[in-house]
Amino acid sequence: MPQSAESSILLREAGLRPTSARRRVLSSLQTAGRSLSHRELVDLLRGLDRVTIFRSLKNLKKARLVHSVQGIDRTLRYFINPAEKRGCPGGHPHFLCLACGGMSCLSDQQIAIVRVPRGAEVRGKQLLVYGVCPSCASSKRARPAPRTNRGETK
Ligand SMILES: [Zn+2]
Ligand SMILES: [Zn+2]
């Protein structure tokens, strides 16, 4: 099935109108097979303005077709939700490579259940493990992880 047809079905099932922007954003995330940031999507999806892409991501997230994780570099990365995880607000850890900026879902693992104050409304939770990914670690050009606590002043 072509990606765009598949995206339309996913969108309809999630109760979203399959607009061309939503279809294109969803297809890009499906095809990428990895996380994409808003900036990467803007570069990929020529002809769609940044605000439209941002709104699409927001709707896709609300419909739980995608989830997002913020790296320690403060960049939000978006992932397509695997079919069996739709409806789950991201209960798995992620790994961020400090060398290439790539992030991967560790969706075969669970984040521990955390008790929150009574009456609190949970919007999501995240556990980010960071370091150097296997391909950067094996690359001779890989640089050591950036020093922490430097340049972090606001
Ligand atoms: Zn890497
Ligand atoms: Zn994930």
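These notes cover the structure that comes with them. (Residues numbered from 1 in each chain as written. Chains lettered and ligands numbered in written order. Predicted model: local features only at pLDDT ≥ 70, side-chain atom pairs only at ≥ 80, totals over all residues. Heavy atoms only, no water.)

The next thing to look at is the coordination of the zinc ion (ligand 1). Ideal donor angles around a metal are set by the shape: a four-donor tetrahedron calls for 109.5 degrees, a six-donor octahedron for 90 or 180 degrees. Every protein donor of the zinc ion (ligand 1) is accounted for by Cys-97 (SG), Cys-100 (SG), Cys-133 (SG) and Cys-136 (SG), and the metal-donor separations fall at 2.3 Å. Coordination at the zinc ion (ligand 1) is tetrahedral: its 4 donor atoms span angles of 103 to 124° at the metal. Written as a sequence motif, the donor arrangement for the zinc ion (ligand 1) is C-x2-C-x32-C-x2-C. Placement of the pair is Cys-100 in the loop between strand 4 (94-97) and strand 5 (103-105) and Cys-136 in helix 5 (residues 134-138), with a sequence separation of 36 residues. Judged by relative accessible area, which is 13%, Cys-136 ranks as buried. (Donors = N, O, S within 2.8 Å, 3.2 Å for Na, K, Ca; no water. Tetrahedral: all angles 85-135°; square planar, octahedral: opposite > 155°, others 65-115°. Helix = DSSP H or I, 4+ residues; strand = E, 2+ residues; numbered from the N terminus. Buried < 20%, exposed > 50% of the residue type's maximum accessible area, 1.4 Å probe, protein only.)

Between its first and last C-alpha atoms helix 2 (residues 20-32) spans 18 Å; for 13 residues at 1.5 Å apiece the expected length is 18 Å, and the two agree. Buried residues of helix 2: Ala-21, Arg-22, Val-25, Leu-26, Ser-27, Ser-28, Leu-29 and Gln-30, and no others. After helix 2 finishes, the residue Gly-33 shows a positive phi value of roughly 65°. (Expected span 1.5 Å × (residues − 1).)

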